[in-house]
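Below are the chains, spelled out letter by letter.
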Amino acid sequence: MVPRITADPSSPKEKDIRKRTWLAAGGSLLVASLSLLGTAAAASASTTSPVTGYTYVDGNTATANTIDGFARHADGSLTAMAGSPFAAGGAGLGTGLASQGAIQVTRDGRYLLAVDAGSNQISVLRVTAGGVPVLLGQPVSSGGIRPVSVAVSPSGLVYVANSGTGGSNYTGFRLSPDGTLTPIPGSTYTVPDASGLGDVFFNALGDHLIGTRTGTSLIDSFVVLPGGRLLAAQGSPSTGQGLGQLGGEFSPASPSQLFVSDAHNGAGLGTISAYRDSLLGQLSSIGASPYADGQTAPCWVEISHDGRYLFTVNTGSGNISSYSVNPDGSLVLIGSTPITGGGADTDARLSPDGKYLLVDGSGMHFVSVFAVNGGSLTEVPSSPTPLPAGVTSSAGIVNI
């Protein structure tokens, strides 16, 4: 029988062995901890900040279009929603749409409407628990070719801008309370194929509609008739005050004030035009319009909820210009804020509380977030947030 040898725990050798064993175990634990921390690093700040809403981007993915969803936190950070990207039902184009408003949300936050430019359709998705969008039925024909922008009025009237050869037009629909999208007979307003429609949008009351013809630098102005059809204003389409009218918006606070970007003036020559929209839809210039921002390709326009500030994303300069809006609708340039890693940014929308401006950085495959303080913008530390893998030509962005 071999005698059992018991080590002396007080011996220097045994103390050294125990020390090394403890360090090895501690080291393994440290590596495991670091691994877990690394996995959670991108979300660490967000998980300690409560979710205040959700952000959605039209992926515009070819073959099978998707909607990219993010939880938005109180500190402005974004985290990808479980299950994102979500199926949209139709097909995206897979290349840039050169439009504003490719995805919209109803005023009550219940439904998302997204263009499927590759299949000439519009998708309606219901926003369910936790912000998850679920496709309702099958996408509906857009009434034309290559839909690029969609507008939703407070009453549920919907208009789509179709920009493709052989089917360039504005077509109207009704969105029912259950999410059904139904075409309005006789609502289609045809425009020349070379128009290159860039945006379609209602005023705050839903009784006027504007469309931009980026390719020919014209602006369509309509009065919305009781049945939902459009009546073109006298003199419409109006010649723009610059080249390449693309994004635009009515003031949320003053429905007669209209602002449109002039995106194609050239390097460093971008402007924003300000118009007064009359009762019958006729447009007249405000003040010294157009207003220069000294940047390249101001394409996308967003206005603060109180109507006091205007922001335009300068795609060619990789930054955002801010203006103050005077009571009469004239603009005063405040300055420009760079977008970290910016380039080919394609749309921008404020959060419902107005605290953050979110930018779809399609060209660089991310979403950027800026804290808003009046007309001043500050990019939040967690920005930018990557878009899902495979999403290379996203279009539009909305928040609830």
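Scoring rules and cut-offs
- Residues numbered from 1 in each chain as written.
- Predicted model: local features only at pLDDT ≥ 70, side-chain atom pairs only at ≥ 80, totals over all residues.
- Heavy atoms only, no water.
- 1 Å grid on protein atoms, 1.4 Å probe; cavity = no way out; pocket = protein on both sides within 12 Å on 5 of 7 lines; lining within 4 Å.
- Points joined across faces, edges and corners; volume = space filled by probe spheres on them.
- Helix = DSSP H or I, 4+ residues; strand = E, 2+ residues; numbered from the N terminus.
- Nonpolar A, V, L, I, M, F, W, Y, C, P; charged D, E, K, R; others polar.
- Core = buried A, V, L, I, M, F, W, Y, C linked by side-chain atoms within 4.5 Å.
- Buried < 20%, exposed > 50% of the residue type's maximum accessible area, 1.4 Å probe, protein only.

A.B. asks: Where do I start with the layout of surface pockets in this structure?
C.D. replies: With a probe scaled to a water molecule rolled over the atoms, the places where space remains empty come into view. Volume-wise, the largest pocket comes out at about 980 Å³. If you trace the largest pocket, you find 33 residues lining it, with Gln104, Val105, Arg107, Glu249 and Arg349 closest to the centre. Secondary structure elements with two or more residues in the lining of the largest pocket: strand S5 (103-105), strand S10 (147-152), strand S15 (197-202), strand S20 (245-250), strand S25 (298-303), strand S29 (347-350) and strand S34 (395-399). Here the lining of the largest pocket gets four residues from one element, more than from any other, and that element is S15. The class makeup of the residues in the lining of the largest pocket is 16 nonpolar, eleven polar and six charged. A volume near 180 Å³ is recorded for the second largest pocket. Along the walls of the second largest pocket sit 13 residues, with Thr106, Asp108, Pro154, Gly156 and Leu175 positioned nearest its centre. Of the residues that constitute the lining of the second largest pocket, the class distribution is five nonpolar, five polar and three charged.

A.B. asks: What should I look at first to understand unusual backbone geometry in this one?
C.D. replies: Peptide bonds are, in most cases, trans, and in most cases residues other than glycine have a negative phi. For the peptide bond that leads from Ser84 to Pro85, omega is 5 degrees, which places it in the cis range. You can see Pro85 is positioned in the loop between strand S3 (78-80) and strand S4 (86-87). Note that the residue after Ser383, namely Pro384, is joined by a cis bond; omega there is 5 degrees. Its place among the elements puts Pro384 in the loop between strand S32 (376-379) and strand S33 (385-386). Here Ala98, not a glycine, exhibits a phi torsion of approximately 50 degrees, which is positive. Topologically, Ala98 is positioned in the loop between S4 and S5. A positive phi angle, close to 60 degrees, is found at Arg146, a residue other than glycine.

A.B. asks: Sorry if this is basic, but what is going on with the nonpolar core here?
C.D. replies: Across soluble globular proteins, nonpolar side chains have a tendency to be buried as a group. Judged by nonpolar contacts, the single largest core of 30 residues is most densely connected at Val158, Tyr159, Tyr170, Leu181 and Leu209. Sorting the residues of this core by element identifies strand S6 (111-116), strand S7 (121-127), S10, strand S11 (157-162), strand S12 (169-175), S15 and strand S17 (218-224) as the ones contributing at least two each. By residue number, the principal contributor to this core is S11, which donates five residues. Judged by nonpolar contacts, the second largest core, of 16 residues, contains Ala263, Val313, Ile339 and Leu350.

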